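So you can see what is in the structure, the chains are spelled out below.
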Amino acid sequence: MHLAIALISRLKVMSGLDISENRLPQDGRIDLAIGGRPVDLRVSTLPTMFGESCVMRILDRSVVSLDLDQIGLREDEAKHLRRLIDLPHGIILVTGPTGSGKTTTLYSALNEANDVAVKIITTEDPVEYDLEGIVQVQINEEVGATYSACLRSMLRQDPDKILVGEIRDRETAQIAIEASLTGHVVFSTLHTNDAPLAVTRLIDIGIEPFLIAATLESVVAQRLVRRVCSDCKDWYEPGVEVLRELQVDKSQVGEQKFAFGKGCKTCNGTGYRGRVAIFEIMMISETIRELIMNGASNSQLRTTARQEGMRTLRESGLLSIFEGKTTVEEVLRETMTTL
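**Focus on the sheet that holds strand β3 (residues 51–60)**
Working step 1: Strand order across the open sheet formed by 3 strands is β1-β2-β3, with antiparallel pairing between neighbours. In this open sheet, the two strands that pair with only one neighbour each are β1 (26–34) and β3. With strand direction ignored, the average angle separating the axes of adjacent strands in the sheet is 25°.
Working step 2: One ladder, built from 9 bridges, connects β1 with strand β2 (residues 37–48); its direction is antiparallel. Looking at β2, one finds that glycine 28 is bridged to valine 43.

Structure (structure tokens):
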């Protein structure tokens, strides 16, 4: 404890934060080179009852592959996303909790679309990756460079595709919709638990259902699950309790065995090494547009989307278990039952 104040002050100096200010939350970043690899540390400080709390988020750029084929998409999911990238206009939302890989998915999509003939502008807080050939704008609310202010100016910069780091309020959502209606493809993130809930969230922010129906093209919900270590991977026959927890019949599993990591030096005895994303992609069909216009509930949207072929997060997780990529515990921790 006697080191805490000095340590936090040092981190604040390194990340360009005000060390004399410990009554307000602050955010910054530290750029480091570790073993010749560029590593980015996100620093967040928060005043608490007994001094400041400091959290660092590590982004090792050398291990993040901004490639649609490398982020865990299945063949049909990658096909859906590529079709969305090539649209002439519309809004594509990626949803999920903090740290679920939303930004990486969006960057991979932009990387795919990155071409000399296509002008792409992003507004982010903070700029996560530097991408060649893309105009990136850093949000700075202290000087008035907010999402909505930057978005308004961006529309006069003749972009083809726009990335809005996050839709937080009605104003940002409204401008994103205006951009979509005037012939731009808009990518953005939203904090919701699943894909259909994104519609409810937009209505909650204050967007009219007819505008959502007119502009929204797809919602992608995602989670990150830990990948079973390939060096100590082993297989076991799932018991009745495991199948009951997953709400799966023995007939669905058949002779399929599940994977787990025994723990080795490579994975520091954890049984896991790396992470893989699981996805839920809701394509906005004409039927779903009508439901949105008529104020349908989240469960109605979910039921219709599943009838039209949407694979839920739990179902994607089950496929990853069957393929031996992850474990039952990881999928149960990250996904809800689809009943």
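**Considerations on helix α2 (residues 75–85)**
Working step 1: Those residues of α2 that sit buried are Glu77, Ala78, Leu81, Leu84 and Ile85. Looking down the long axis of α2, one finds its buried residues gathered within 120° of arc, a one-sided arrangement. Turned more than 90 degrees off the buried face of α2, the exposed positions are Glu75, Lys79 and Arg83.

**Some remarks on the nonpolar core**
Working step 1: Counting residues in hydrophobic clusters, the biggest one holds 43 residues, and the most contacted among them are Leu93, Leu216, Met282 and Ile292.
Working step 2: Of all the elements, helix α5 (residues 170–181) adds the most residues to this core, at 5 residues.
Working step 3: Sequence-distant contacts of leucine 216, that is, excluding residues within four places in its chain, are made with Ile91, Leu93, Val199, Ile284 and Arg289.
Working step 4: Among the nonpolar cores identified, the runner-up in size contains 29 residues, and Val94, Leu110, Leu131 and Phe279 belong to it.

**Quick notes on helix α12 (residues 313–322)**
Working step 1: Among the 10 residues of α12, 7 are classified as buried, and the element is accordingly described as predominantly covered.
Working step 2: The inward-facing, buried residues of α12 contact α2, β9 (216–228), α8 (240–246), β11 (258–261), β12 (272–283) and α13 (328–334).
Working step 3: Two residues or fewer after α12 comes glycine 324, characterised by a positive phi angle close to 75°.

**Focus: empty space enclosed by the protein**
Working step 1: According to the stated counting rule, one finds 2 cavities of 30 Å³ or more in the structure shown.
Working step 2: In terms of lining residues, the largest cavity is bounded by Ile91, Leu93, Ile167, Ala173, Ile177, Leu202, Ile212, Thr215 and Leu216.
Working step 3: When residues of the lining of the largest cavity are traced back to their parent elements, those giving at least two are β4 (90–95), α5 and α7 (209–215).
Working step 4: Residue composition of the lining of the largest cavity, grouped by class: 8 nonpolar, 1 polar and no charged.
Working step 5: If you add up the space inside the second largest cavity, you get close to 30 Å³.
Working step 6: Leu81, Ile92, Val94, Thr105, Leu106, Ala109, Phe187 and Val220 are the residues that line the second largest cavity.
Working step 7: Counting residues per element, the ones that place at least two in the lining of the second largest cavity are β4 and α3 (102–113).
Working step 8: The biggest single contributor to the lining of the second largest cavity is α3, with 3 residues.

**Side note on the packing of α2 against α3**
Working step 1: Where α2 meets α3, the closest approach of the two axes is 10 Å, and the angle between their N-to-C directions is 60°. Considered as vectors, α2 and α3 are oriented oblique to each other. Crossing geometry of α2 relative to α3 is assigned as right-handed. Judged by residue contacts, Leu81, Arg82 and Ile85 of α2 engage Thr105, Ala109, Glu112 and Ala113 from α3.

**Details of the pairing of β2**
Working step 1: Between β1 and β2, which pair antiparallel in sequence order, lie 2 residues; one of them, glycine 35, sits at a positive phi of approximately 60°.
Working step 2: Both β2 and β3 contribute to a ladder of 10 bridges, which runs antiparallel. Among the inter-strand pairings, proline 47 is bridged to a residue of β3, identified as glutamate 52.

**So, the state of the cysteines**
Working step 1: Counting across every chain of the model gives 0 disulfides.
Working step 2: No disulfide involves cysteine 232; its nearest neighbouring cysteine sulfur is the one of cysteine 264, lying 3.7 Å away.
Working step 3: Classification of cysteine 232 as buried rests on a relative accessible area of 7%.
Working step 4: Between cysteine 267, a cysteine without a disulfide, and cysteine 264, which holds the nearest cysteine sulfur, the sulfur-to-sulfur distance is 3.8 Å.

What counts and what doesn't
- Residues numbered from 1 in each chain as written.
- Predicted model: local features only at pLDDT ≥ 70, side-chain atom pairs only at ≥ 80, totals over all residues.
- Heavy atoms only, no water.
- Pairing = 2+ DSSP bridges.
- Helix = DSSP H or I, 4+ residues; strand = E, 2+ residues; numbered from the N terminus.
- Axes fitted to C-alpha atoms, helices over the stretch in contact; angles between N-to-C directions.
- Buried < 20%, exposed > 50% of the residue type's maximum accessible area, 1.4 Å probe, protein only.
- Arc of directions from axis to C-beta.
- Core = buried A, V, L, I, M, F, W, Y, C linked by side-chain atoms within 4.5 Å.
- Contact = heavy atoms within 4.5 Å.
- 1 Å grid on protein atoms, 1.4 Å probe; cavity = no way out; pocket = protein on both sides within 12 Å on 5 of 7 lines; lining within 4 Å.
- Points joined across faces, edges and corners; volume = space filled by probe spheres on them.
- Nonpolar A, V, L, I, M, F, W, Y, C, P; charged D, E, K, R; others polar.
- Parallel < 35°, antiparallel > 145°, perpendicular 65-115°, else oblique.
- Left-handed = near helix turned anticlockwise from the far one by under 90°.
- Disulfide = S-S within 2.5 Å.

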